[in-house]
Amino acid sequence: MFSPRLLITRCLLFLIFALISNNHASADDGYRLWLKYDRISDNTARTAYTKSFNFIALSGNSDILNNAAKELQTGLTALLGKQISVVKTPVGNQNGIILTVSTSAAPGDGYSIQMQSGNTVITASKDAGVLYGSFALLRHLQQHLPLEKAVGQTSPKIQLRMLNHWDNPEGTIERGYAGSSLWKWYELPETVDPRYTDYARANASIGINGTVVNNVNASARFLTAEYLHKVAALAGVFRKYGIKTYLSIHFAAPKTLGGLKTSDPLDPEARKWWIEKTKEIYSIIPDFGGFLVKANSEGEPGPQDYGRTHADGANMLAEALAPFNGVVIWRAFVYKADPNADRFKAAYDEFATLDGKFAKNVIVQVKNGPIDFQPREPFSPLFGNMPRTPLGMEFQLTQEYLGFATHWIYEAPLFKECLDADTYVTGKGSTVASIVDGSLHHYPLTCIAGVANTGSDRNWTGHPMAQANWYAFGRLAWDHTLSPEAIAREWTQLTLTTESRAVATIGDIMLRSREIYVDYNTPLGLSRPWTGSHYAPEPWQNRSSRPDWTAIYYHRADTLGLGFDRTATGSNALQQYRPEASRAWLDAETCPLPYLLWFHHISWAKKLSSGRTLWDELCHRFYTGADSVLWMQKQWAGLKTSIDPAIHADVSGRLAKQHKEAIWWRDAWVLYLQTFSKRPIPAIHPKPERTLEEVKRSVNTYLMR
Ligand code: GCV
């Protein structure tokens, strides 16, 4: 029987269901990254934009320009819910977007956005600039900001803004935690996965203009004709988004691939081999970017195998690339197996004396810290000490020492800390950023690289929040003056929610996340590399083929105290810095606590500036860090109604694991260090629920997985 009441109830239920499902149209798998373009829910903003965008006028014609117009069309249509067409000339006196290329526009890859006669005009001197401007406008609209606030001009501060992929030919990724390689080498070049286009869009949207597709521990296979054609297929996709393709090379390729007797950089045959190989590469990939090289590092071959220098090696490759305007990016990540040496000093010792000896098209790429992507490191002392050699920055987005894809760490504060550090090389204000962007030493080439955290996982980065590190890297590569806060807010609004309370809470978690991790993992300047997985701390590791591949080499715990003495009574690594830069670090009394154990061996009973002894302060930090993950969990739990349910559940699960591991890692350190300090854990902290042996066993079990 027909019942109007039943009908009304059913209608209401349907309406509620429709509203809920419209809010989270379908579970968000994270694939769209920060390019979601969900319909703008803020009516005022949407109405204003709708009036302003009736067409997209594009007079030029190139792949990049067409992609700029296409992206705007896709984005606006979805954001505003109305179809917008791309035309050759502006339509009558209707408001629209005009895309133009003009030689007098913003320099380099820059762009300007202006309002002229009701139109929004994006102008650049290069096609890529128009693309960047288009993405910037979309970014602006996704944040529901007033259109007039989009007006302005910007150019990137660094020329080469690159991702470095540590991807291997068999599809694995060294230190990759988000599945396997994005590049399906077996299928290429015949099959070109549409995902490559989405990868290129994502990079272009944040201004990244270069990508090294293979691991720096390079297989010579990438230089075979077979692989060059595969790489060419990728390059064919990337160039349409203004991205150049680069390769990591195996320095011994003349021997291993070319069958020569030597790969000596001063040998004419070896030089000729590279010249011919480079010509072949450019015949297949005409806009090829150049080579990235890891040489004489961790077992990789290099010029020192023949008694030559890094400059000899780099210059041989530079000679081959120069006719094509290609560049050599030569890494400074080197250290020898010398039991008496301090790994901290190695890059400086090998490179500083080579300043001025590199060819014009060589960039020396330096990791942010002197050791290896630790949760906190002082800036590398090479910055500032090679004024005649362009120095590039290498950050790591993949979280090798930062909890892989399980622990939520927002890395922008780490990047900024290094970029803003003052080297004092030409007086106060000689920041690392001013060296990397070339403004201090007037480098003709500038470069910044991020070791990619992408993989075949549907959401690209494994941890949904790790997308923010890719995003922040690109934004800082464009403009290193941006604040981590602003980038976090922007990313959250584009990616997760525009609800202001949720944006603030997520920003708060993000900004505190790195410090929390440092506290339960490497507080007070501890560091912990060794040759293993680099996941859980294993401070007891004392056996390896070389001393600098143990954990004890780094923390130097003994019955007297803890930390690496790098003052004049120790390795004297501090001497590699300008006195003004190292002044605060030199004296244990003044050394800021975050760097204390990087530079000093401190006795367990020493009273620190916090008022606690070293031992008590360590316990305090380890416990506070682990407890703070609980805080992160609570904050996140409170956002359930503001975040897509699939993403919310995914992050909740990872946070639960992070909390469990933070306790475990805290226990690993505290119980191990206690065997030296012989001091009790302060009574305000609960005792670990397991013994050191049990912790060790659980680490081993974990590693066996
Ligand atoms: C690509 C660290 C990592 C290695 C990496 C190396 C490098 O040692 O553990 O996996 O190798 O850095 O940056 O070359």
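Residues numbered from 1 in each chain as written. Predicted model: local features only at pLDDT ≥ 70, side-chain atom pairs only at ≥ 80, totals over all residues. Heavy atoms only, no water.

## Some points on the pairing of strand 3 (residues 97-101)
As a general feature of sheets, a regular strand has side chains that alternate between the two faces.
Okay, so step 1: Pairing between strand 1 (residues 55-58) and strand 3: three bridges, direction parallel. Following the sheet pairing, Leu 58 is matched in strand 3 by Leu 99.
Okay, so step 2: Pairing between strand 3 and strand 5 (residues 119-124): five bridges, direction parallel. Among the inter-strand pairings, Leu 99 is bridged to a residue of strand 5, identified as Ile 122. (Pairing = 2+ DSSP bridges. Helix = DSSP H or I, 4+ residues; strand = E, 2+ residues; numbered from the N terminus.)

## What about the sheet that holds strand 5?
Okay, so step 1: With mixed pairing, six strands are arranged side by side in an open sheet as 2-1-3-5-4-6. Each edge of the open sheet is held by one strand with a lone partner, namely strand 2 (85-87) and strand 6 (152-154). Mean inter-strand twist for the sheet, computed between neighbouring axes without regard to direction, equals 20 degrees.
Okay, so step 2: Against the sheet, helix 3 (residues 63-80) contacts strand 1, strand 2 and strand 3, and its axis sits at roughly 180 degrees relative to strand 1.
Okay, so step 3: Of the strands in this sheet, strand 3, strand 4 (111-116) and strand 5 are in contact with helix 4 (residues 127-142), which crosses strand 4 at around 60 degrees. (Axes fitted to C-alpha atoms, helices over the stretch in contact; angles between N-to-C directions. Contact = heavy atoms within 4.5 Å.)

## Structural notes on helix 13 (residues 467-478)
Okay, so step 1: The end-to-end C-alpha separation of helix 13 is 17 Å, in line with the 16 Å expected for twelve residues at 1.5 Å each.
Okay, so step 2: Burial analysis of helix 13 places twelve of its twelve residues in the buried class, the great majority of the element.
Okay, so step 3: Those residues of helix 13 not exposed but buried are Gln 467, Ala 468, Asn 469, Trp 470, Tyr 471, Ala 472, Phe 473, Gly 474, Arg 475, Leu 476, Ala 477 and Trp 478. (Expected span 1.5 Å × (residues − 1). Buried < 20%, exposed > 50% of the residue type's maximum accessible area, 1.4 Å probe, protein only.)

## Quick notes on the packing of aromatic side chains
Okay, so step 1: For the structure on display, the rule yields 44 aromatic pairs.
Okay, so step 2: Ring plane angle 25 degrees and centroid distance 6.1 Å describe the contact between Phe 622 and Trp 669, whose orientation is recorded as stacked. One end of the pair, Phe 622, is in helix 19 (residues 614-637); the other, Trp 669, is in helix 20 (residues 645-677), and 47 residues separate them in sequence.
Okay, so step 3: Ring pairs connect the aromatic residues Tyr 31, Trp 34, Trp 183, Tyr 196, Tyr 199, Phe 238, Trp 460, Trp 470 and Tyr 471, which therefore count as one cluster.
Okay, so step 4: Above the ring of Trp 460, the side-chain terminus of Arg 195 is found at 4.0 Å from the ring centroid.
Okay, so step 5: The ring of Phe 564 carries the charged tip of Arg 566 above its face, separated from the ring centre by 3.6 Å. (Phe/Tyr/Trp six-rings, centres within 6.5 Å; stacked < 30°, edge-to-face > 60°. Lys NZ or Arg CZ within 6 Å of the ring centre and 35° of its normal.)

## Quick notes on the sheet that holds strand 11 (residues 327-331)
Okay, so step 1: As summarised here, the arrangement of the eight strands in space is 7-8-9-10-11-12-13-14, forming a closed barrel in which the pairing is parallel. Within the sheet, the average angular offset between the axes of one strand and its neighbour, ignoring direction, is 25 degrees.
Okay, so step 2: Two strands pair when backbone bridges link them, and strand 7 (residues 160-164) and strand 14 (residues 447-451) are joined in this way by five bridges, in the parallel orientation. The residue of strand 14 that forms the bridge with Leu 163 is Gly 450.
Okay, so step 3: Where helix 13 meets the sheet, its contacts fall on strand 7, strand 13 (391-396) and strand 14, and the angle it forms with strand 7 comes to roughly 160 degrees.

## Some remarks on the side chain of Ser 297
Okay, so step 1: Tracing the sequence through the fold places Ser 297 in the loop between strand 10 (290-293) and helix 9 (310-321).
Okay, so step 2: Since its relative accessible area comes to 1%, Ser 297 is described here as buried.
Okay, so step 3: A polar contact of 2.7 Å, which involves the side chain of Ser 297, links it to the backbone oxygen of Phe 333. (Polar contact = N/O pair within 3.5 Å; in protein donor to acceptor, adjacent residues only side chain to side chain.)

## Some details on the environment of Ile 173
Okay, so step 1: Residue position: Ile 173 is located in the loop between strand 7 and helix 5 (195-205).
Okay, so step 2: Residue class for Ile 173 comes out buried when judged on its relative accessible area of 12%.
Okay, so step 3: For the pair Ile 173 and Lys 360, spaced 187 residues apart in sequence, the C-alpha separation works out to 32 Å.
Okay, so step 4: Not counting residues up to four positions away in its chain, the partners in contact with Ile 173 are Trp 166, Asp 167, Asn 168, Gly 179, Ser 180, Ser 181, Thr 454 and Gly 455.

## As for the site of the ligand
Okay, so step 1: In the vicinity of the ligand, 14 residues are found, and the nearest of them are Glu 174, Lys 294, Arg 331, Lys 367 and Glu 400.
Okay, so step 2: Here an oxygen atom of the ligand sits 2.4 Å away from a polar atom, N or O, in the side chain of Glu 174.
Okay, so step 3: Interatomic distance of 2.6 Å between a side-chain N/O atom of Lys 294 and an oxygen atom of the ligand.
Okay, so step 4: Out of a free accessible area of 340 Å², the ligand has 97% covered by protein chains.
Okay, so step 5: Across the shell around the ligand, the residue classes tally to three nonpolar, three polar and eight charged. (Near = heavy atom within 4 Å. Areas by Shrake-Rupley, 256 points an atom, 1.4 Å probe, with all protein chains shown as cover. Nonpolar A, V, L, I, M, F, W, Y, C, P; charged D, E, K, R; others polar.)

## Some points on the pattern of salt bridges
Okay, so step 1: By the definition in use, this model includes 37 salt bridges.
Okay, so step 2: Put simply, Arg 331 and Glu 394 hold a salt bridge, and the shortest N to O gap is 2.6 Å. Here the residue Arg 331 occupies a position in strand 11, and Glu 394 occupies one in strand 13, the gap between them amounting to 63 residues.
Okay, so step 3: Residue classification places Arg 331 among the buried residues on the basis of a relative accessible area of 2%.
Okay, so step 4: You can call Glu 394 buried: its relative accessible area is 1%. (Salt bridge = Lys/Arg side-chain N within 4 Å of Asp/Glu carboxyl O.)

## Here's the deal with the side chain of Ser 52
Okay, so step 1: The residue Ser 52 is located in helix 2 (residues 43-52) in this model.
Okay, so step 2: Judged by relative accessible area, Ser 52 falls into the buried class, the value being 15%.
Okay, so step 3: Once residues lying within four places of it in the same chain are set aside, the contact partners of Ser 52 are Asn 95, Gly 96 and Leu 147.

## A look at the pairing of strand 7
Okay, so step 1: Burial of strand 7 is extensive: five of the five residues sit out of reach of the surface.
Okay, so step 2: Burial of the side chains of strand 7 extends over both faces: Leu 160, Met 162 and Asn 164 are buried on one face and Arg 161 and Leu 163 on the other.
Okay, so step 3: With three bridges connecting them, strand 7 and strand 8 (residues 210-212) associate as parallel partners. Within the sheet, the bridge partner assigned to Asn 164 lies in strand 8 and is Val 212.
Okay, so step 4: Following the chain from strand 7 across helix 5 to the adjacent parallel strand 8, one finds a crossover that is right-handed. (Right-handed = clockwise from strand over helix to strand, strands pointing away.)

## Side note on the environment of Arg 39
Okay, so step 1: Turning to its location among the elements, Arg 39 is positioned in the loop between helix 1 (4-23) and helix 2.
Okay, so step 2: When its relative accessible area of 52% is taken as the criterion, Arg 39 is described as exposed.
Okay, so step 3: When the C-alpha atoms of Arg 39 and Lys 272 are compared, they prove to be 57 Å apart, with 233 residues separating the residues in sequence.

## Some remarks on the domain arrangement of the protein
Okay, so step 1: Domain annotation for the protein reports domain 1 (43-154), domain 2 (160-495) and domain 3 (518-564 + 601-703).
Okay, so step 2: For domain 1 versus domain 3, the distance between C-alpha centres works out to 49 Å. (Domains from an automatic or database assignment.)

## Description of unusual backbone geometry
Okay, so step 1: For the peptide bond that leads from Leu 188 to Pro 189, omega is 0 degrees, which places it in the cis range.
Okay, so step 2: Its place among the elements puts Pro 189 in the loop between strand 7 and helix 5.
Okay, so step 3: We note that Tyr 37 has phi near 55 degrees; this positive angle belongs to a residue other than glycine.
Okay, so step 4: If you check the backbone angles, Arg 175 has positive phi at about 60 degrees while not being a glycine.
Okay, so step 5: Mapped onto the fold, Arg 175 is located in the loop between strand 7 and helix 5.

## So, helix 9
Okay, so step 1: Here helix 9 spans 17 Å end to end across twelve residues, near enough to the 16 Å set by a 1.5 Å rise per residue.
Okay, so step 2: In terms of burial, helix 9 is a largely internal element, ten of the twelve residues being buried.
Okay, so step 3: What helix 9 keeps buried is the set His 310, Ala 311, Gly 313, Ala 314, Asn 315, Met 316, Leu 317, Ala 318, Ala 320 and Leu 321.
Okay, so step 4: Tucked inside the fold, the buried residues of helix 9 contact strand 9 (244-249), helix 8 (268-284), strand 10, strand 11, helix 10 (346-351) and strand 12 (362-367).
Okay, so step 5: Two to three positions downstream of the cap, the backbone nitrogen of Ala 311 sits 3.2 Å from a side-chain oxygen, assigning the N-cap of helix 9 to Thr 309.

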